[in-house]
Amino acid sequence: MGFDRFGTVSFVSQSKVDKFVDFLDEGKVMGTKCKSCGAKYFPPRNDCAQCLSSDVEWFELTGTGKLATYSKLMYAPSGFEKDLPYRICVVEYPDGVKAFGRISAAISDDDLAIGMDLVAVPIKLSGNQVAYEFRRP
Ligand SMILES: [Zn+2]
């Protein structure tokens, strides 16, 4: 159990923040917030990159963010080849969170525009895999 069930963003599997997957099962996309300095991270981190504190708490990534940048991947890490090509992006939220993730296949390349509104949505993949993606609100 844990991050071996997380199907989209492989780098997250290196994290120790297993509860992230449990939250996705519950329909919540959660990041972490440093209790020491207030920095927010999505995907979640156990340790704050700003002040190195390990005293973090969860927050739910809700509301609408804006597409800051995106990239179309033609090459993927092992295990993700069948998903190609797909688009990854950074979405900026009003509270300063910069969230990283995949853009829904329901949005065509032509419809992607920097600054467009996006929301993070938990998704179920084949098998028992869970993930999240960014969709139109
Ligand atoms: Zn901190």
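Residues numbered from 1 in each chain as written. Predicted model: local features only at pLDDT ≥ 70, side-chain atom pairs only at ≥ 80, totals over all residues.

Some words on the overall build of the protein chain
Then, in step 1: Assigned secondary structure in the protein chain consists of one helix and eight strands.
Then, in step 2: Traced from its N-terminal end to its C-terminal end, the protein chain shows the element sequence α-β-β-β-β-β-β-β-β.
Then, in step 3: In the protein chain, which comprises 137 residues, the proportion classed as buried is 26%.
Then, in step 4: For the protein chain, long-range pairs separated by at least 24 residues make up 49% of all intrachain contacts whose partners lie at least 6 apart in sequence. (Helix = DSSP H or I, 4+ residues; strand = E, 2+ residues; numbered from the N terminus. Buried ≥ 20, exposed ≤ 12 C-beta atoms within 10 Å, placed from the backbone. Contact = placed C-beta atoms within 7 Å.)

Focus: the sheet that holds strand β4 (residues 65-73)
Then, in step 1: Judged by pairing direction, the sheet is antiparallel, and its five strands sit side by side in the order β6-β5-β4-β7-β8 without closing on themselves. This sheet does not close on itself; its edge strands, each paired only once, are β6 (98-102) and β8 (130-135). Strand-to-strand twist across the sheet, computed as the mean angle between neighbouring axes with direction ignored, equals 30°.
Then, in step 2: As defined by bridge partners, β4 adjoins strand β7 (residues 117-124) across two bridges and the pair is classed as antiparallel. From the neighbouring strand, Lys-66 faces β7, where its bridge partner is Asp-117. (Pairing = 2+ DSSP bridges. Axes fitted to C-alpha atoms, helices over the stretch in contact; angles between N-to-C directions.)

Some words on the nonpolar core
Then, in step 1: By size, the foremost hydrophobic cluster in this structure holds 20 residues, and its most contacted members are Leu-24, Val-29, Leu-61, Ala-120 and Phe-134.
Then, in step 2: Only α1 (19-25), β5 (86-92), β7 and β8 provide two or more residues apiece to this core.
Then, in step 3: If we ignore the near neighbours within four places in the chain, the residues touching Leu-24 are Val-29, Pro-122, Val-130 and Tyr-132. (Core = buried A, V, L, I, M, F, W, Y, C linked by C-beta atoms within 7 Å.)

Let's talk about the environment of Asp-22
Then, in step 1: If you trace the backbone, Asp-22 turns up in helix α1.
Then, in step 2: Take Asp-22: there are 14 C-beta atoms within 10 Å of it, and that puts it in the partly exposed class.
Then, in step 3: The spacing of Asp-22 and Val-130 is 108 residues in sequence and 9.3 Å in space, taken between C-alpha atoms.

Some thoughts on the pairing of β4
Within a regular strand, the side chains alternate between the two sheet faces.
Then, in step 1: Of the pairings in the sheet, the one linking β4 to β5 comprises seven bridges and is antiparallel in character. Considered in β5, the bridge of Leu-67 is made with Val-91.

Concerning unusual backbone geometry
Then, in step 1: Residue Pro-43 is bonded to the preceding Phe-42 through a cis peptide linkage, with omega at -5°.
Then, in step 2: Tracing the backbone through its elements, the reader meets Pro-43 in the loop between β2 (40-41) and β3 (56-60).
Then, in step 3: At Leu-52, a position not held by glycine, the phi torsion is positive, near 70°.
Then, in step 4: Examined against the element boundaries, Leu-52 turns out to sit in the loop between β2 and β3.
Then, in step 5: For Leu-52, a count of 10 C-beta atoms within 10 Å corresponds to the exposed category.

Some points on the confidence of the model for the protein chain
Then, in step 1: Taken over all residues, the pLDDT of the protein chain has a mean of 86, while the share at 70 or more is 88%.
Then, in step 2: Scored below 50 in pLDDT, residues 8-14 makes 15 contacts in the model with residues more than four places away or belonging to other chains. (pLDDT = per-residue confidence, 0-100.)

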